[in-house]
Amino acid sequence: MTSLEDLPIRDDLRGRAPYGAPQKAVPVALNVNENTHPIPENVAHDVVARVAAAIMTLNRYPDREFSALRQALADYLGHGLDPAQIWAANGSNEVLQHIMQAYGGPGRSALGFAPTYSMYGLLASGTGTEWITAGRDDEFELSPATAVAAVREHDPDIVLLCAPNNPTGTPLSIETIEAVADAARGIVVVDEAYFEFAEPGTPSALTLLAGRPRLLVSRTMSKAFAFAGARVGYLAGDPAAIDALRLVRLPYHLSALTQAAALGALAHSDEMLAMVDEIRGQRERISGELARLGFLPYRSGSNFVLFGGVDDPRAVFEQLLARGILIREIGIPGHLRVTAGTEAETTAFLEAIAVSAPNRIAS
Ligand SMILES: *Cc1c(COP(=O)(O)O)cnc(C)c1O
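Quick caveat: nothing in here was measured; it's all calculated off a predicted structure.

Asker: Quick one: what's the story with the nonpolar core, residue by residue and with numbers?
Answerer: One finds I99, F113, I158, L161 and M221 to be the most contacted residues of the largest nonpolar core, which totals 75 residues. Discounting residues that sit within four places of it in the chain, M221 has contacts with A226, F227, A228, V232, Y234, A262, A265 and L266. Counting 32 residues, the second largest nonpolar core, distinct from the first, contains V28, V316, L326 and L350.

Below, the structure written as structure tokens:
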């Protein structure tokens, strides 16, 4: 059989591994931080009607500038944003790829704070951008001083701040974001994929955009918005910084079906986000219960919890999987990550993991 070694693949991609979160058909999938609540039925009907209408237009290319979607996203974000300050693509992964293509590339570098979202390194390698990681403070926190010191040391072309951070869940203070934005020479991306799950009142990096043309704030419809399968991510930033992304995107990158579906979901954003409080509650329940069982959960501003104190993460992962519960091994020794699901899914997870708990509860 032919292997990659036999093919004329780029030298810098040799030996690399693709993104590979397991996709398994299990009753309780809590491994990729999706919103596990189904889309409300009336919203689904409206989305179907809009997609059906779009199908009648498929002989033509879609609106390359996705103008209606940019307007709807600007309205959703608020903060006085207008459509010229909005960009979108097939998931925020593609938005981040556009940023790497336009502002990174061979001879350039991107800096992140490990452990952080695994796609950053993969997007960097795909675009020939050097990927540099700096460390965090205790408990995976990131203070302004620690972040700024790394920016000064490495002087990257792009800084990726994940707020809150995946896979640790750690909220990132607006002070750290502001300090990095003011210290960096290059583009600063704040990935707010989980922003809707933050404590109410948490300031968004959107509040820092005015007067900072190199600051970009990315969001996604994949998490709180319960729309991962539709593949819609977006960002807000300066119109000129966004214009650069037009140089690298493929023409018509957002299909007419994607645009129609996203507009349908955004027309019902309150209903789409109705489960966010409930999910936050389940997250708190997971953290409280894991601590009681003797595990070491970290502070989370997202819809998932990272916890330490696991003697053998592989064994616990397998033991949960045998009970139809899929969580995530994220490569940090002694740690696992779990998504907050519905109340029933969360109960199934907590009951199953109690068996492997350091303070095992006799039940
Ligand atoms: C899930 C996730 C995304 C979202 O990716 P999409 O391509 O929008 O589905 C982006 N950033 C982080 C940190 C994530 O965890």
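Resuming the write-up.
Asker: Summarise the pattern of salt bridges; cite the residues concerned and give the values.
Answerer: Taken as a whole and judged by the stated rule, the model has 20 salt bridges. Where D157 meets R185, a salt bridge forms, and the shortest distance between an N and an O atom there is 3.3 Å. Of the two residues, D157 sits in the loop between α5 (144-154) and β5 (158-162) while R185 sits in the loop between α6 (174-183) and β6 (187-191), which places them 28 residues apart along the sequence. Given a relative accessible area of 12%, D157 falls into the buried group. Among the ionic pairs, E318 bridges to R314, the shortest N-O distance being 3.5 Å. On the criterion of helical spacing, the pair formed by E318 and R314 is a turn pair, its members being 4 residues apart in helix α11 (residues 313-322). With a relative accessible area of 37%, E318 lands in the partly exposed category. Since its relative accessible area comes to 42%, R314 is described here as partly exposed. Because the salt bridges share partners, they merge into one network encompassing E65, R70, D243, R246 and R249.

Asker: Provide a residue-level description of a nonpolar patch on the surface, including the pertinent values.
Answerer: A grouping of I55, M56, L58 and L257 is seen on the molecular surface, where their side chains present a nonpolar patch of about 390 Å² in accessible area. With respect to the helices, strands and loops of the structure, M56 is situated in the loop between α1 (41-55) and α2 (67-77).

Asker: Could you give an account of the packing of aromatic side chains, with specific residues and numbers?
Answerer: Think of a pair of aromatic rings as described by two things: how far the centres are apart, and how the planes are tilted against each other in angle. Tallied over the full model, the rule gives 9 aromatic pairs. Both rings, one in F66 and one in W87, keep their centres 5.3 Å apart while their planes meet at 65°; by these two values the pair is edge-to-face. With a gap of 21 residues between them, F66 in the loop between α1 and α2 and W87 in strand β2 (residues 86-89) connect regions that are remote in the sequence. F66 gets classed as buried once you look at its relative accessible area, which sits at 0%. Aromatic rings pair up to connect Y117, Y120 and W131 into one cluster.

Asker: Can you break down the layout of surface pockets residue by residue, with the values?
Answerer: Here the largest pocket is characterised by a volume of approximately 820 Å³. Forming the boundary of the largest pocket are 37 residues, of which Y19, A21, V32, Y117 and R328 lie nearest the centre. Among the secondary structure elements, those contributing two or more residues to the lining of the largest pocket are α3 (92-103) and α4 (118-126). Tallying contributions element by element places α3 first for the lining of the largest pocket, with 3 residues. When we break the lining of the largest pocket down by domain, the ones giving at least three residues each are domain 1 (4-30 + 275-360) and domain 2 (41-271). As a volume, the second largest pocket reaches approximately 330 Å³. Considering the residues around the second largest pocket, the lining is formed by 23 residues, among which P171, L172, S173, T202 and R299 are closest to the centre. The dominant element in the lining of the second largest pocket, judged by the number of residues it contributes, is α6, at 3 residues. Class assignment for the residues of the lining of the second largest pocket results in 11 nonpolar, 7 polar and 5 charged.

Cut-offs applied
Residues numbered from 1 in each chain as written. Predicted model: local features only at pLDDT ≥ 70, side-chain atom pairs only at ≥ 80, totals over all residues. Heavy atoms only, no water. Core = buried A, V, L, I, M, F, W, Y, C linked by side-chain atoms within 4.5 Å. Buried < 20%, exposed > 50% of the residue type's maximum accessible area, 1.4 Å probe, protein only. Contact = heavy atoms within 4.5 Å. Salt bridge = Lys/Arg side-chain N within 4 Å of Asp/Glu carboxyl O. Helix = DSSP H or I, 4+ residues; strand = E, 2+ residues; numbered from the N terminus. Patch = residues over 30% accessible without salt bridge, like charges linked within 9 Å, V, L, I, M, F, W, Y side chains within 5 Å. Areas by Shrake-Rupley, 256 points an atom, 1.4 Å probe, with all protein chains shown as cover. Phe/Tyr/Trp six-rings, centres within 6.5 Å; stacked < 30°, edge-to-face > 60°. 1 Å grid on protein atoms, 1.4 Å probe; cavity = no way out; pocket = protein on both sides within 12 Å on 5 of 7 lines; lining within 4 Å. Points joined across faces, edges and corners; volume = space filled by probe spheres on them. Domains from an automatic or database assignment. Nonpolar A, V, L, I, M, F, W, Y, C, P; charged D, E, K, R; others polar.

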